[in-house]
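These are the residues of each chain, in order.
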Amino acid sequence: AQSVAQPEDQVNVAEGNPLTVKCTYSVSGNPYLFWYVQYPNRGLQFLLKYITGDNLVKGSYGFEAEFNKSQTSFHLKKPSALVSDSALYFCAVRGRSGAGSYQLTFGKGTKLSVIP
Amino acid sequence: EAGVTQFPSHSVIEKGQTVTLRCDPISGHDNLYWYRRVMGKEIKFLLHFVKESKQDESGMPNNRFLAERTGGTYSTLKVQPAELEDSGVYFCASSVGQVFSGNTIYFGEGSWLTVV
């Protein structure tokens, strides 16, 4: 069965510093990987995805993620953090449901706090 | 273009009562999904509709949960009778194509359910 690990429950970073939110995965076949963000009292917003091609994927709000097949990782990055980036970040992978169809499997989420 | 809309945004009900959550997908999206996140845990897949048909309901916790999608448009998720462990955020999502092909699924803001 597929799985997603977000090893850090919380990440604190100073405003203006680079940020990284970590994600590792386990899945059969080619991985399709996604990042979503949940701002306080809001729903999940799509940030970016990796399907194939360039290992560095650029997404919304200046975020990017690097796919590393050998390390089975898909870490989310941003060169300069903003206070408004403070939110809950979820990594997801395409995987099989209990009935065998392809659905998203999510990690537990990482809370990012950007300190002014 | 309107996003995925969910109603109610918050609901507090007593154990044993019934709650019905509604979801309006993005116009033109044949695929509609329900996911759930209970406190501090992963976001879990519940069910997937393609138009009005249930493609996969393997994530539904038990027979107290009933989902419908009338005419392939909006969807409802009924919990009857509600139990304490049903508390959480219920996310609806929609997509043009399926996760199998790497399509992005777009989430609503969630319906926050508290059973007391």
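As the structure is a prediction and not an experimental result, all values here were calculated from the model.

Caption draft 1: Examining the side chain of B:Arg36 more closely. All names here are of chain B. For Arg 36, the position within the fold is in strand β4 (residues 31–37). This buried residue, Arg 36, is left without a salt bridge; Asp 86 holds the nearest opposite charge, at 4.1 Å. Not counting residues within four places of it along the chain, the set of residues in contact with Arg 36 comprises Glu 42, Ile 43, Lys 44, Leu 46, Pro 61, Phe 65, Glu 85, Asp 86, Val 89 and Tyr 90.

Caption draft 2: Spotlight on the packing of aromatic side chains. What the rule picks out here adds up to 16 aromatic pairs over all chains. Both rings, one in A:Phe63 and one in A:Tyr89, keep their centres 5.6 Å apart while their planes meet at 50 degrees; by these two values the pair is tilted. Taken as a pair, A:Phe63 in the loop between β7 (56–58) and β8 (64–68) and A:Tyr89 in strand β10 (residues 87–96) lie far apart in primary sequence, 26 residues in all. For A:Tyr89, a relative accessible area of 0% corresponds to the buried category. Ring geometry for B:Tyr35 against B:Phe45: centres 5.7 Å apart, planes inclined by 70 degrees, an arrangement best described as edge-to-face.

Caption draft 3: The sheet that holds strand β1 (residues 5–7) of chain B, seen in detail. All names here are of chain B. One open sheet holds the four strands; their spatial order is β1-β3-β8-β7, and the pairing between them is antiparallel. If you trace the sheet from one side to the other, it starts and ends with β1 and β7 (65–69), each paired once. Going across the sheet, the axis of each strand differs from the next one's by a mean of 15 degrees, ignoring polarity.

Analysis parameters
Residue indices begin from 1 for each chain and proceed along its sequence in written order. Note on labels: chains are lettered from A, ligands numbered from 1, in written order. Restriction of local features to residues with pLDDT of at least 70 applies here, the model being predicted, together with a cutoff of 80 or more for giving and counting side-chain atom pairs; totals for whole chains, interfaces and linings are based on all residues. Water and hydrogen atoms were dropped before computing side-chain values, which therefore reflect all heavy atoms in the structure. Helix numbers and strand numbers start at the N terminus; a helix is a DSSP run of H or I with at least 4 residues, a strand a run of E with at least 2. Only protein chains enter the accessibility calculation, which uses a 1.4 Å probe. A residue is then buried if its area is under 20% of the maximum for its type, exposed if over 50%, and partly exposed in between. Positive: Lys, Arg. Negative: Asp, Glu. His and the chain ends are not part of the count. Each salt bridge in this description consists of a side-chain nitrogen of Lys or Arg and a carboxyl oxygen of Asp or Glu lying within 4 Å of one another. Throughout, a residue-residue contact means that at least one pair of heavy atoms, one from each residue, lies within 4.5 Å. Centres within 6.5 Å make a pair out of two Phe, Tyr or Trp rings, where for Trp the six-membered ring is used; the pair is then stacked when the planes are under 30 degrees apart, edge-to-face when over 60, and tilted otherwise. Pairing between strands is defined by DSSP: at least two bridges between the two strands are required. Angles run from 0 to 180 degrees between N-to-C directions of axes, and those axes are lines fitted to C-alpha atoms, restricted for helices to the stretch in contact.

Shape is all these values report; function is a separate question.
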